[in-house]
Amino acid sequence: MSGDARHLASLTTELVNPACAHIDELDPLAALRVMNEQDATVATAVASVLPEVAGLVDATVERMLGGGRLFNVGAGTSGRMGMLDASECPPTFGVSPEMVQGVLAGGDGAFRSAAEEAEDDAEAGEEDLARRGVCERDVVVGIAASGRTPYVVGALDYARKAGALTGAISCVADAELSSHVAYPIECVTGPEAICGSTRLKAGTAQKMLLNMISTEVMVKLGKVYGNLMVGIQPTNEKLVMRARRIVALATECSAGRAAEALEASGQDVKVAICMVLLDASADACRDELLAHGGNVAAAIRALKGCS
């Protein structure tokens, strides 16, 4: 057995889980119960690394306030989780697709059709970040259940040379990735229900962590008012109804008043909220929001000071 093979076999994500060793002999309900019991351990693993996550969030907010971007870099399941989280930021928070980006080994096509060999190409990781112009304002978070994927290592090394802030999410202890970044997160999820299938517990932990990071970053950047998605883009009937409800909840106005404000604002939830709360014009609210980076609370304080 080669050194790499021995190292892989020693990773906790690759070990046989004794609780699931005979899952193939169980009836569907019993098998699902076993899997569910394993999934229940993920939240505890995530809870154990929250201080490290908070450190990465604080540092990320500082960079992004200076105009930086956030890149989630990974291969296979890890990379797909990074792309998924990035793709959901624009419709959730109303930000540009450039602000949070997913970088997947093998390119976007590998999201649908697996390109497993791409994870071994460290140079491709460097090239993919160079193509995106990663610089000192940016944040690059590498994601790898094994904590050792060459593509991710290459990307992180390039990011460090470019002066970007670096973080990593691994699902094993003493991960190789941790030595390549300023903010390592080692969320140890243990053996999978199906040996080595890190799309299960490890993938779930990665999604939880990425959700937390992007959400709290957006909260600190003022993309949320209270706990309301004020950056929502009302582009279909469901979202129009949600936008009206958000305006009504934020201002405690009637559904009719919320609909009127949204119409007058050009379907801009933030502007509509400011209009209702301050009885101000759409233009005045829009200008103040622009001056405060879209932060509703800051815009309201400024408008109140002017009134």
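Details of the structure are given in the entry above.
Residues numbered from 1 in each chain as written. Predicted model: local features only at pLDDT ≥ 70, side-chain atom pairs only at ≥ 80, totals over all residues. Heavy atoms only, no water.

J.: In this structure, what is going on with helix α10 (residues 255-265)? I would like to understand it.
T.: Structurally, the α-helix is built with 3.6 residues per turn, so residues lying three or four positions apart point the same way. All of the buried residues along α10 are A258, A261, L262 and S265. The buried residues of α10 all sit within an arc of 100 degrees when viewed along its axis, so they share a single face. Turned more than 90 degrees away from the buried face of α10, the exposed residues are E260 and E263. (Buried < 20%, exposed > 50% of the residue type's maximum accessible area, 1.4 Å probe, protein only. Helix = DSSP H or I, 4+ residues; strand = E, 2+ residues; numbered from the N terminus. Arc of directions from axis to C-beta.)

J.: I keep staring at the pattern of salt bridges and nothing clicks. Help me out?
T.: Two side chains carrying opposite charge are able to pair once their charged atoms lie near each other. Using the criterion set out here, one finds 5 salt bridges in the structure. A salt bridge links D138 to R69, with the nearest nitrogen and oxygen atoms 2.8 Å apart. Of this pair, D138 sits in the loop between α6 (122-131) and β3 (139-144) while R69 sits in the loop between α4 (50-65) and β1 (70-74), placing them 69 residues apart in sequence. Judged by its relative accessible area of 17%, R69 falls in the buried class. One salt bridge connects E216 with K220, and the closest N-O pair in it is separated by 3.5 Å. Placement of both E216 and K220 in helix α8 (residues 201-220) is noted, with a separation of 4 residues, approximately one turn of the helix. (Salt bridge = Lys/Arg side-chain N within 4 Å of Asp/Glu carboxyl O.)

J.: I keep staring at a negative patch on the surface and nothing clicks. Help me out?
T.: Taken together, the side chains of E116, E117, D120, D121, E123, E126 and E127 present a region of like negative charge at the surface. Among the secondary structure elements, E123 is positioned in helix α6. (Patch = residues over 30% accessible without salt bridge, like charges linked within 9 Å, V, L, I, M, F, W, Y side chains within 5 Å. Areas by Shrake-Rupley, 256 points an atom, 1.4 Å probe, with all protein chains shown as cover. Lys, Arg positive; Asp, Glu negative; His and termini not counted. Charge placed at Lys NZ, Arg CZ, Asp CG, Glu CD.)

J.: Please explain the packing of helix α11 (residues 269-278) against helix α12 (residues 282-291) as it appears in this structure.
T.: A packed helix pair is summarised by two numbers, namely the angle formed by the two axes and the spacing between the axes. At their nearest, the axes of α11 and α12 sit 9 Å apart, and the two run at 120 degrees to each other. By the angle between their axes, α11 is oblique relative to α12. Classified by chirality, the crossing of α12 by α11 is right-handed. Contact residues: K270, V271, C274 and M275 in α11; A282, C285, R286 and L289 in α12. When grouped by side-chain class, the residues that make up the contact of α11 with α12 number 6 nonpolar, no polar and 2 charged. (Axes fitted to C-alpha atoms, helices over the stretch in contact; angles between N-to-C directions. Parallel < 35°, antiparallel > 145°, perpendicular 65-115°, else oblique. Left-handed = near helix turned anticlockwise from the far one by under 90°. Contact = heavy atoms within 4.5 Å. Nonpolar A, V, L, I, M, F, W, Y, C, P; charged D, E, K, R; others polar.)

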